Amino acid sequence: MEIKSSYTLKGKIIIEGVIEAQTGLHIGGLSDTLKIGGTDLPVIKDSYGRIFIPGSSLKGKIRSLLEKKEGKAKVKIKFYKIVKKDNKEKKEYTREIECKLNELTDDKLKLEGDEQGYEISAMPCDCGICYICKIFGPHNSKNIKEPVRIIVRDSYLVKKIDGGYKIIDKKEDKDEYYEHLEIKPENVIDRVKGTAQHPRFIERVVAGSKFKFEIVFNVYKENDKDLIEKFIEGMKLLEDDYLGGSGSRGYGKIKFEELKIINKPIDYYKGNTNALSKKEANDLDDLTVKLDEIWNY
Ligand SMILES: [Zn+2]
């Protein structure tokens, strides 16, 4: 009985604010090459043409950064040999091993017998018991041991209006809408001739654009505060990493701004509006301090 009551929802902690794109941001959508003036690689938009950062992109990136930090990702190594068939090279796999990222040593990557190389891939953790699995849920839902804590909403491109924010609409706010998009040509330079090869046109959301974000934590246990602190650590890692594609080429530097943290204990949902508490935070370090101040579980 004790176990059952310990997983009763005790309340919700909501972190909200604005994500500012500090460099051009590209989160890929569906290709529109057939349209006149279309780009090879457009930015993702919803069915109304509104530009947004999918919750799954934000959630997935923060998760992968925390997994790298902890060495939690599940690594799969496939060793292969190459066989020539009809003058075409064909890979034949000889062996496959799995390990955690933090167990991956040079020793594990040594070739055996007639193996000629290996391919490596890393999947999210699915242990079900580490803090990452508790926050985000294990990669394999069969391994869920506790209720998943987090919800990451889609973050829409917004403009400031009357002290608040409004989603920029493709039709209503046409001029502003197109001011937030740019087409960046990229190519590969031929190392001998010095000429540009394979030109492609990548659509980006321009630097300075703002997206309204919201993250909800379901609180089940007194020490769930640790999980929220870990998540904020992941947000900090993201500020020094990138969101979306082509990060190594300078895309996707973001900053979390105008942060607010709101505590809605279960009493609030029962009708006690005084139970709600809300604090503003200057940055992510301050957010951890403010979390401490509003935490009453
Ligand atoms: Zn795990």
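As the structure is a prediction and not an experimental result, all values here were calculated from the model. (Residues numbered from 1 in each chain as written. Predicted model: local features only at pLDDT ≥ 70, side-chain atom pairs only at ≥ 80, totals over all residues. Heavy atoms only, no water.)

Student: What am I meant to see in the pattern of salt bridges here?
Tutor: Side chains bearing opposite charge may pair, as long as their charged atoms lie close to each other. This model, assessed by the stated rule, comprises 32 salt bridges. With a closest N to O distance of 3.0 Å, Arg-149 and Glu-146 form a salt bridge. The pair formed by Arg-149 and Glu-146 is uniform in burial state, with each residue classed as buried. Of the charged contacts in the structure, one is a salt bridge between Lys-225 and Asp-292, with a shortest N-O distance of 2.3 Å. Residue Lys-225 is found in helix 5 (residues 224–239), and its partner Asp-292 is found in helix 7 (residues 284–294); the two are separated by 67 residues along the sequence. What you see here is one network of salt bridges that share partners, running through Glu-20, Lys-160, Lys-210, Glu-257 and Glu-258. (Salt bridge = Lys/Arg side-chain N within 4 Å of Asp/Glu carboxyl O. Buried < 20%, exposed > 50% of the residue type's maximum accessible area, 1.4 Å probe, protein only. Helix = DSSP H or I, 4+ residues; strand = E, 2+ residues; numbered from the N terminus.)

Student: Looking at this model, I keep getting lost on the domain arrangement of the protein chain. Mind explaining?
Tutor: Interface size is commonly expressed as the accessible surface area that is lost when the partners come together. Parsing the protein chain into structural domains produces domain 1 (11–70 + 128–294) and domain 2 (74–123). Taking only C-alpha atoms into account, the centre of domain 1 sits 34 Å from that of domain 2. (Domains from an automatic or database assignment.)

Student: Looking at this model, I keep getting lost on the pairing of strand 1 (residues 11–21). Mind explaining?
Tutor: Residues in a regular strand point their side chains to alternate faces of the sheet. Burial analysis of strand 1 places 11 of its 11 residues in the buried class, the great majority of the element. With 10 bridges connecting them, strand 1 and strand 12 (residues 254–265) associate as antiparallel partners. In the strand pairing of strand 12, Lys-12 is matched with Lys-264. Bridge count for strand 1 against strand 11 (residues 210–219) is 10 bridges, and the pairing is antiparallel. (Pairing = 2+ DSSP bridges.)

Student: I keep staring at the sheet that holds strand 5 (residues 117–123) and nothing clicks. Help me out?
Tutor: Whenever strands of a sheet pair, they do so through backbone hydrogen bonds, lying parallel or antiparallel. Read across the sheet, three strands follow the order 4-3-5 without closing on themselves; strand pairing throughout is antiparallel. The open sheet has two edge strands with one neighbour each: strand 4 (88–100) and strand 5. Ignoring which end each strand starts from, the neighbouring axes of this sheet average 25° apart. Relative to strand 4, strand 3 (residues 74–85) is paired through 12 bridges, and the arrangement is antiparallel. Opposite Ile-82, over in strand 4, you have Lys-91 as the bridge partner. (Axes fitted to C-alpha atoms, helices over the stretch in contact; angles between N-to-C directions.)

Student: Sorry if this is basic, but what is going on with the coordination of the zinc ion here?
Tutor: Perfect tetrahedral coordination of a metal by four donors corresponds to 109.5 degrees between them, and perfect octahedral coordination by six donors corresponds to 90 or 180 degrees. Within the protein, the atoms that donate to the zinc ion are Cys-125 (SG), Cys-127 (SG), Cys-130 (SG) and Cys-133 (SG), at distances of 2.3 to 2.4 Å. Given four donor atoms and angles of 103 to 116° at the metal, the environment of the zinc ion is assigned as tetrahedral. Expressed as a motif, the donor residue spacing for the zinc ion is C-x1-C-x2-C-x2-C. (Donors = N, O, S within 2.8 Å, 3.2 Å for Na, K, Ca; no water. Tetrahedral: all angles 85-135°; square planar, octahedral: opposite > 155°, others 65-115°.)

Student: When you look at helix 7 in this model, what are you seeing that I'm missing?
Tutor: Helical periodicity: at 3.6 residues per turn, an α-helix aligns residues three or four positions apart in one direction. Those residues of helix 7 lying buried are Leu-284, Asp-286, Leu-287, Lys-290, Leu-291 and Ile-294. Buried residues of helix 7, viewed axially, fall in a sector of 150°; they line one side. Summarising the contacts, the buried residues of helix 7 are in contact with strand 1, helix 5, strand 12 and strand 13 (277–281). Of the residues that open helix 7, the one with a side-chain oxygen 3.2 Å from the backbone nitrogen of Asp-285 is Asp-283. (Arc of directions from axis to C-beta. Contact = heavy atoms within 4.5 Å. Polar contact = N/O pair within 3.5 Å; in protein donor to acceptor, adjacent residues only side chain to side chain.)

Student: Please clarify how helix 2 (residues 55–70) should be interpreted in this entry.
Tutor: Here helix 2 spans 23 Å end to end across 16 residues, near enough to the 22 Å set by a 1.5 Å rise per residue. What helix 2 keeps buried is the set Gly-55, Leu-58, Lys-61, Ile-62, Arg-63, Leu-65, Leu-66 and Glu-67. In the stretch just after helix 2, Gly-71 is the one whose phi turns positive, near 70°. (Expected span 1.5 Å × (residues − 1).)

Student: Is there a simple way to think about a nonpolar patch on the surface in this case?
Tutor: On the surface, Leu-111, Tyr-118 and Ile-120 cluster together into a nonpolar patch covering about 270 Å² of accessible area. Along the polypeptide, Leu-111 turns up in the loop between strand 4 and strand 5. Taking the relative accessible area as the measure of exposure, Leu-111 reaches 43% and is therefore partly exposed. (Patch = residues over 30% accessible without salt bridge, like charges linked within 9 Å, V, L, I, M, F, W, Y side chains within 5 Å. Areas by Shrake-Rupley, 256 points an atom, 1.4 Å probe, with all protein chains shown as cover.)

Student: What's the story with the nonpolar core in this structure? I'm lost.
Tutor: Inside soluble globular proteins, nonpolar side chains tend to come together where they are buried. Core analysis: the biggest nonpolar cluster contains 52 residues, and Ile-13, Ile-15, Phe-217, Phe-231, Met-235 and Phe-256 have the highest contact counts within it. For this core, the element with the highest residue contribution is helix 5, accounting for six residues. Phe-231 has contacts with Ile-62, Leu-66, Ile-135, Phe-136, Ile-150, Ile-215 and Phe-217, leaving out every residue within four places of it along the chain. The next biggest cluster of nonpolar side chains, apart from the first, holds five residues, and it includes Val-75, Ile-77, Phe-79 and Leu-109. (Core = buried A, V, L, I, M, F, W, Y, C linked by side-chain atoms within 4.5 Å.)

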